[in-house]
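Close look at the chain arrangement
The primary structure of each chain is shown beneath.
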Amino acid sequence: MSCFISKYADELVKNAAYIGTPGKGILAADESTGTIGKRLSSINVENVEENRRALRELLFTAPGALQYLSGVILFEETLYQKTASGKPFVDLLNEGGVLPGIKVDKGTIELNGTNGETFTQGLDGLAQRCQKYYEAGARFAKWRAVLKISPNEPTELAIQENATGLAMYAAICQQCGLVPIVEPEILVDGPHDIKKCADVTERVLAACYKALNDHHVMLEGTLLKPNMVTPGSDSPKVAPEIIAEYTVRALQRTVPPAVPAIVFLSGGQSEEEATLNLNAMNKLKTKKPWSLSFSFGRALQQSTLKAWAGKEENLKKAQDALLVRCKANSEATLGTYRGDAKLGEGAAESLHVKDYKY
């Protein structure tokens, strides 16, 4: 038996395909309490539940924005929150044609005997949590594995352990009705060139799809959330067309056509950079059996956050900034973005954070 057919099989296939609808993508709003705290402190806003809720409400109620989204990834706290007027966020998203998703990993721990390489925790009790999240309205999940490039990394141990962890998570999600987003992020940190990133990306993705197959995961009911293939953060930048060529080739070599969509992480690129790179991939004239879309956190929220600054009177300005980025990325999934979006404050600045913790 090549894959396990869960009782949710038809629903998983339908939801995965829907999330990959060209013209739409995912807003990653699943920052942990600590991470969202750093974002809020950057605009001098206190990290308390009401402020976290208010930011998420701002995002989810932005007029016109949801038409460009097919999914929103939530943190557990947010899954159960409501708007100021009492409407559950889950209902708000569903009514806007957007599937609610949920971050299910429990962060990373160091792999013994390695130079700071990590493994993602959260398999214990995962099935029970997934069942609970499904009942609460979630229809897909996210689990982030993290690898790094340096002279001796990633090691084979880190690649294999993280691939196995992703596969076990994916299998559990499918048994519970959640479409698993498989996210093996290779950090951009370092002085390596784009060829080195391509080599590591291909090795990591090949290992992931071998593990997914070994664990009988039904690929038609999954999504991939990889890094784009780029030079390291301490290397000279290259044109979007070069990034597109290297990234799509790495995917062609490793990702089976059964996968309906690939939703890229932004990985610390500026808002505009991430959009231009995605657009270049979709303009590329080559074989692409999956749709290429986005699952952006920082690259959808940065200019919105700066415009808002925690002030009620800035609400419209902030929501307008979000709409600009959502529309630009929607066009990028179709290869029709002309680079003409009105850049909000912060849209062109690098969002790179060394050794980024989500």
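Considering the overall build of the chain
Helices and strands together make up the secondary structure of the chain, namely 12 helices and 10 strands. Over its C-alpha atoms the chain spans a radius of gyration of 19 Å, differing by no more than 12% from the 21 Å that the globule rule assigns to 358 residues. Based on the C-alpha atoms only, the size of the chain along its principal axes is roughly 55 × 45 × 40 Å. When burial is assessed residue by residue, the chain has 59% of its 358 residues classed as buried. When contacts within the chain are restricted to residue pairs at least 6 apart in sequence, those whose partners lie at least 24 apart make up 81%. Summing over all exposed atoms, the chain offers an accessible surface of approximately 14400 Å²; the carbon and sulfur share of this is 53%. Of the charged side chains in the chain, 41 are positive and 42 negative, and the gap between their average positions amounts to 3 Å.

Considering the nonpolar core
Membership of the largest hydrophobic core comes to 113 residues, with the highest contact counts inside it found for F60, V72, Y169, L251, V255, F264 and L292. By residue number, the principal contributor to this core is helix α8 (residues 194-214), which donates 11 residues.

A closer look at helix α10 (residues 271-283)
Between its first and last C-alpha, α10 extends 19 Å over 13 residues, near the 18 Å set by a 1.5 Å rise per residue. By the burial criterion, the buried members of α10 are E271, E272, A274, T275, N277, L278, N279, A280, M281 and N282. Against the buried residues of α10 lie α9 (240-254), β9 (261-264), β10 (291-296), α11 (298-308) and α12 (315-334).

Side note on the packing of aromatic side chains
Applying the stated criterion to the full structure yields 4 aromatic pairs. An angle of 55° between the planes, with centres 5.1 Å apart, marks the rings of Y8 and Y134 as tilted. In this pair, Y8 is assigned in the segment before α1 (9-19) and Y134 in helix α6 (residues 126-135), connecting sequence segments 126 residues apart. The exposure classification of Y8 matches that of Y134, with both residues buried. Centre to centre, the rings of F294 and F296 are 5.5 Å apart; their planes meet at 40°, and the pair counts as tilted. Assessed through its relative accessible area of 0%, F296 is described here as buried. Here the basic side chain of R139 rests over the ring of Y134, its NZ or CZ set 3.7 Å away from the ring centre.

Here is what the cut-offs are and how they apply
- Residues numbered from 1 in each chain as written.
- Predicted model: local features only at pLDDT ≥ 70, side-chain atom pairs only at ≥ 80, totals over all residues.
- Heavy atoms only, no water.
- Helix = DSSP H or I, 4+ residues; strand = E, 2+ residues; numbered from the N terminus.
- Rg over C-alpha atoms; globule rule 2.2 N^0.38 Å.
- Buried < 20%, exposed > 50% of the residue type's maximum accessible area, 1.4 Å probe, protein only.
- Contact = heavy atoms within 4.5 Å.
- Areas by Shrake-Rupley, 256 points an atom, 1.4 Å probe, with all protein chains shown as cover.
- Lys, Arg positive; Asp, Glu negative; His and termini not counted.
- Charge placed at Lys NZ, Arg CZ, Asp CG, Glu CD.
- Core = buried A, V, L, I, M, F, W, Y, C linked by side-chain atoms within 4.5 Å.
- Expected span 1.5 Å × (residues − 1).
- Phe/Tyr/Trp six-rings, centres within 6.5 Å; stacked < 30°, edge-to-face > 60°.
- Lys NZ or Arg CZ within 6 Å of the ring centre and 35° of its normal.

Function-wise, these values are silent; they only describe arrangement.
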